[in-house]
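Overview (structure and organization)
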Amino acid sequence: MTVADDTVAEVADRLFGAIESGDHDAIRRLWNDDIVVWKVADGERDKDRALRVLDWFIDTTTQRRYEILDRQLFDGGFVQQHVLHATGHNGGVIAMRVGIVIKLGANGLISRIDEYFDPAEIAPLLDQR
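Now for a description of the structure that goes with this document. Keep in mind it's a predicted model, so treat the numbers as computed, not measured.

Once that is clear, we can look at the pattern of salt bridges. In the structure shown here, the tally under the stated rule is nine salt bridges. Between R28 and D55 there is a salt bridge, with the nearest N and O atoms lying 2.6 Å from each other. With R28 in helix α2 (residues 24-30) and D55 in helix α3 (residues 47-60), this pair connects stretches of sequence that are 27 residues apart. Residue D33 pairs with K47 through a salt bridge whose shortest N-O separation is 3.1 Å. Here the residue D33 occupies a position in strand β1 (residues 31-39), and K47 occupies one in helix α3, the gap between them amounting to 14 residues. Judged by relative accessible area, which is 68%, D33 ranks as exposed. One salt-bridge network, held together by shared partners, links D42, R45 and R49.

Pasting the structure below:
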């Protein structure tokens, strides 16, 4: 069973909107329980570990915005290039270019995320001032 393009596009918009607004619960509702999240920085993570990292990011930043450069839908998912703009509570600012591939399960929930970025670009959010 395939997931319709309009469902894929809606999930994409809801995911990035939830991260921008800091809606932890909305993000959790979009993810399958058995989701696998792979990040260039440290490999695969399960749902709980990946959500803890995302929770940290939201809680560390005062604002977040996605500048979507390109989004291409494919059967059951999408690939996207974006610049993630964020400001930390510490005053640090990032504009991090990211490539991401997201796959949805037959139920329309996110089942896999593969995210590509330079981990060094997150450093301004880690600095203690």
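From this point on, the discussion continues.
Right, let's get into helix α1 (residues 5-21). Between the first and last C-alpha of α1 there are 24 Å, a value that for 17 residues agrees with the 24 Å anticipated at 1.5 Å per step. What α1 keeps buried is the set V8, V11, A12, L15, F16, A18 and I19. The buried residues of α1 occupy an angular sector of 155° when the element is viewed end-on, so they sit on one face. Facing away from the buried side of α1 by over 90 degrees, the exposed positions are D6 and S21. One or two residues past the end of α1 sits G22, with phi positive at roughly 75°.

Rules used throughout
Residues numbered from 1 in each chain as written. Predicted model: local features only at pLDDT ≥ 70, side-chain atom pairs only at ≥ 80, totals over all residues. Heavy atoms only, no water. Salt bridge = Lys/Arg side-chain N within 4 Å of Asp/Glu carboxyl O. Helix = DSSP H or I, 4+ residues; strand = E, 2+ residues; numbered from the N terminus. Buried < 20%, exposed > 50% of the residue type's maximum accessible area, 1.4 Å probe, protein only. Expected span 1.5 Å × (residues − 1). Arc of directions from axis to C-beta.

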